[in-house]
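Geometric and topological summary
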Amino acid sequence: MQQAQQEMLEWRNSGMSVMEMSHRGKHFSIIAEELESDLRSLMAVLKIIRCCFCKAVQTAQFSLIPQNILNGKTSACYIKTGAWSEKAIKDANSYCDVLVSASSEDTKFTSIPDASTWILDEQAAYLHYTSNETIHGVEFQEAPDAKGLTLVSDMSSNILSRKIDVSQYGLIYAGTQKNMGPAGVTVVIVRDDLMGHASKATPSVFNYAEQAKTNPC
Ligand SMILES: Cc1ncc(COP(=O)(O)O)c(C=O)c1O
């Protein structure tokens, strides 16, 4: 906060504050590149994985993920452990057949169903889970075994709180406002091979491959 305060009037002899500069200009590009490089080293993100900084609230990703990574498949598996995964399921339902592979609704979302009881569809495009259910307080302590499915996780409220092995995931997404910075941006970390298969109806601004080209500005 002190650094932000100091840079409020002028950022590194640029003659202007961050609030005044063009988000496509050379000064902001330096800030954005540093941001991506810091995130890459903090999370040990491999070169084959892209970081997108999407201009939208995190909730938008509930619809954007199926639009971007279904890649012709018609179903996706979801683990329901609280209010946020419930919302993710509701929105994904508009784009594909959602199989709720496991749910802890019967315990009023106070637990994670035993992995041996999960029903996974091997034809599904991905398996989605919420690593920390911010409202119900249920947190996965490690990445679940996706049994070969592409693993997708909403890490909004516990990203950067512990070391994770990014290579276990196809896609990780998180709103910046909880653990990383101010609201208004969502970080989407996507494996290369999942990029470039967005449905035709996906607007460019929400197409991960397009975003990665112009990122982070
Ligand atoms: C786990 C989780 N997912 C999604 C969201 C939604 O984020 P946003 O308000 O940016 O849409 C939140 C917000 O609290 C959250 O905690």
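As shown above, the structure is provided for reference.
What comes next is a walk through the structure. (Residues numbered from 1 in each chain as written. Predicted model: local features only at pLDDT ≥ 70, side-chain atom pairs only at ≥ 80, totals over all residues. Heavy atoms only, no water.)

What follows covers helix α4 (residues 83–92). Listed as buried for α4 are Ala83, Ser85, Ala88, Ile89 and Ala92. In this fold, the buried residues of α4 make contact with α3 (61–69), β2 (75–80), β3 (97–103) and β4 (127–130). (Buried < 20%, exposed > 50% of the residue type's maximum accessible area, 1.4 Å probe, protein only. Helix = DSSP H or I, 4+ residues; strand = E, 2+ residues; numbered from the N terminus. Contact = heavy atoms within 4.5 Å.)

The grouping of Met8, Val18 and Met19 at the surface amounts to a nonpolar patch, some 300 Å² of accessible area in total. Judged by its relative accessible area of 32%, Val18 is partly exposed. (Patch = residues over 30% accessible without salt bridge, like charges linked within 9 Å, V, L, I, M, F, W, Y side chains within 5 Å. Areas by Shrake-Rupley, 256 points an atom, 1.4 Å probe, with all protein chains shown as cover. Salt bridge = Lys/Arg side-chain N within 4 Å of Asp/Glu carboxyl O.)

Looking now at the site of the ligand. As a matter of local geometry, the ligand sits amid Val57, Gln58, Thr59, Phe62, Trp84, Thr130, Asn132, Thr134, Asp154, Ser156, Gln177 and Lys178. Separating an oxygen atom of the ligand from a backbone N or O atom of Gln58 is a distance of 3.0 Å. Lys178 places a side-chain nitrogen or oxygen 2.5 Å from an oxygen atom of the ligand. Protein coverage of the free-state accessible area of the ligand, which is 400 Å², stands at 87%. (Near = heavy atom within 4 Å. Polar contact = N/O pair within 3.5 Å; in protein donor to acceptor, adjacent residues only side chain to side chain.)

To continue, consider the pattern of salt bridges. When the charged atoms of two side chains lie near each other, side chains of opposite charge can form a pair. The final tally for this structure, using the stated rule, is nine salt bridges. Here Glu86 and Lys80 are joined by a salt bridge, their closest N and O atoms 3.9 Å apart. On the accessibility criterion, Glu86 (31% relative accessible area) is partly exposed. Notably, a salt bridge pairs Lys213 with Glu210, separated by 3.4 Å at the nearest N-O pair. In this pair, Lys213 and Glu210 both sit in helix α6 (residues 208–214), three residues apart, roughly one turn of the helix. Classification of Lys213 as exposed rests on a relative accessible area of 63%. One network of salt bridges, in which partners are shared, links Lys80, Glu86 and Glu105.

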